[in-house]
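# An overview of the molecular structure
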Amino acid sequence: MKRSDYTKEHQLYLSALKKKNFTVGFARVFILIFLLGIWETAARLNWVNPFITSSPSRVAATLKDLYLAGTLFYHIGVTLSETLIGFVVAVVAGYLVALLLWWSEIFRRTAEPYLVVINALPKIALGPLIIIWFGTGVKAIICMTVLVGVIVSTMNMLGGFMDTDENKLLLLKSMGASKLQILTKLVVPSSLPAFISMLKINVGMAWIGSIMGEYIVSKAGIGYLIVYGGQVFKLDLVMASVFVLCVLAAGMYAIVAAVEKLCLKSRGG
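Scoring rules and cut-offs
Residues numbered from 1 in each chain as written. Predicted model: local features only at pLDDT ≥ 70, side-chain atom pairs only at ≥ 80, totals over all residues. Heavy atoms only, no water. Helix = DSSP H or I, 4+ residues; strand = E, 2+ residues; numbered from the N terminus. 1 Å grid on protein atoms, 1.4 Å probe; cavity = no way out; pocket = protein on both sides within 12 Å on 5 of 7 lines; lining within 4 Å. Points joined across faces, edges and corners; volume = space filled by probe spheres on them. Nonpolar A, V, L, I, M, F, W, Y, C, P; charged D, E, K, R; others polar. Salt bridge = Lys/Arg side-chain N within 4 Å of Asp/Glu carboxyl O. Buried < 20%, exposed > 50% of the residue type's maximum accessible area, 1.4 Å probe, protein only. Arc of directions from axis to C-beta. Contact = heavy atoms within 4.5 Å. Axes fitted to C-alpha atoms, helices over the stretch in contact; angles between N-to-C directions. Parallel < 35°, antiparallel > 145°, perpendicular 65-115°, else oblique. Left-handed = near helix turned anticlockwise from the far one by under 90°.

Let us now look at unusual backbone geometry. Located in the positive-phi region is serine 54, a residue other than glycine, with phi close to 60°. Along the polypeptide, serine 54 turns up in the loop between helix 2 (50-53) and helix 3 (56-68). Positive phi, normally seen in glycine, also occurs at phenylalanine 233, with a value near 60°.

We now examine the layout of surface pockets. The calculated volume of the largest pocket comes to roughly 350 Å³. Taken together, Leu32, Leu36, Trp39, Pro56, Val59, Ala60, Met239, Val242, Phe243, Cys246 and Val247 make up the full set of residues lining the largest pocket. Within the residue set of the lining of the largest pocket, elements represented by two or more residues are helix 1 (8-44), helix 3 and helix 12 (235-268). Among the elements that take part in the lining of the largest pocket, helix 12 stands out by supplying five residues, more than any other. Grouping the constituent residues of the lining of the largest pocket by class yields eleven nonpolar, no polar and no charged. Roughly 230 Å³ of internal volume is contained in the second largest pocket. Lining the second largest pocket are Trp102, Trp103, Glu105, Arg108, Phe161, Met162, Glu166, Leu169, Lys173, Lys179 and Ile182. Elements that contribute at least two residues to the lining of the second largest pocket include exactly helix 4 (72-103), helix 5 (105-120), helix 7 (138-162), helix 8 (166-174) and helix 9 (179-190). With three residues, helix 8 is the single largest residue contributor to the lining of the second largest pocket.

Moving on: the pattern of salt bridges. A side chain of one charge can pair with a side chain of the opposite charge if their charged atoms are brought near each other. Under the defined criterion, the tally for this structure stands at four salt bridges. We note a salt bridge from aspartate 236 to arginine 58, for which the minimum N-O separation is 3.1 Å. Taken together, the residues aspartate 236 in helix 12 and arginine 58 in helix 3 connect sequence positions 178 residues apart. The exposure class assigned to aspartate 236 is buried, which follows from its relative accessible area of 17%. Residue arginine 58 is classed as partly exposed on the basis of its relative accessible area, which comes to 30%.

When helix 9 is considered as a whole, its buried residues turn out to be Ile182, Leu183, Leu186 and Val187. Along the long axis of helix 9, the arc covered by the buried residues comes to 130°, so they all point the same way. Opposite the buried face of helix 9, by more than 90 degrees, sit the exposed residues Leu180 and Lys185. At its buried positions, helix 9 is contacted by helix 4, helix 7 and helix 8.

Here we take up the environment of arginine 28. Among the secondary structure elements, arginine 28 is positioned in helix 1. Sequence-wise, arginine 28 and leucine 235 are 207 residues apart; in three dimensions their C-alpha atoms are separated by 27 Å.

Rolling a probe over the atoms, with the probe sized like a water molecule, indicates the empty space that remains. What the rule picks out here adds up to one cavity of 30 Å³ or more. Its boundaries defined by the atoms lining it, the largest cavity holds a volume of some 40 Å³. Looking at the largest cavity, the residues that line it are Gly127, Ile130, Ile131, Ala140, Met144, Gly213, Ile216 and Val217. Mapped by element, the contributors of at least two residues to the lining of the largest cavity are helix 6 (127-134), helix 7 and helix 10 (192-217).

Geometry of a packed helix pair, given as the angle between the helix axes and the separation of the axes. At a minimum axis distance of 11 Å, the contact between helix 8 and helix 9 shows a crossing angle of 150°. The orientation of helix 8 relative to helix 9 falls into the category roughly antiparallel. Helix-helix and strand crossings are classified by hand; for helix 8 and helix 9 the assignment is right-handed. Of helix 9, the residues touching helix 8 (which contributes Lys168, Leu169, Leu172 and Lys173) are Ile182, Leu186 and Val187. In terms of residue class, the contact of helix 8 with helix 9 is built from five nonpolar, no polar and two charged.

Structure follows, in structure tokens:
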């Protein structure tokens, strides 16, 4: 449908919505530039010690040095691959476990206390065991990433499955639908918002897990750069690494948000 086919009131609504979106986008960019400007000014005028706080210009120079040395994208690639693998495994495993918990009430009631305890356990406490079991390589980091995300995935998806409309469940049961039919025709489709929410949460959890793992055992990656920079007091390197993490995490979240829009659009269509 062309814009000219809309009513005058709808055109005014779309125009107002466009202005609102533009204002929000402009405010976000302005706040970012303003904060970076304050940070740079404070460092240049020695309001803060630039050795401790670094500055945007020093961060940019550090990133340039890493790029020229040919190590920037190597470290990014290492951390990104670990994060993505851990993210996918945690999401798939959490979804499947949640399905099993929904399918069997006995299994669910038996496992729920253990899930709560495991979720509350600081995963870094398992670091020594992970090193013994998986060594000091990529496997250990991926394992840490999965551990951080899989229980969160399971509990979020289980909540989504259990929130299915009771009236619709009763209707399908009264029509003689099997449990598998109820799962595929009602429970899974209605849990799509919970699935998208779980993906968004797991973006952050995956980065936490991978960086936590790199703190413990890595020889490469963004987490390794942060640890190394802290050990030798190269705080410009630490801040540059944190900046790269922010960009990567924001990009991954944006992809999930785009998937959400596509899903909502297809459901609306």
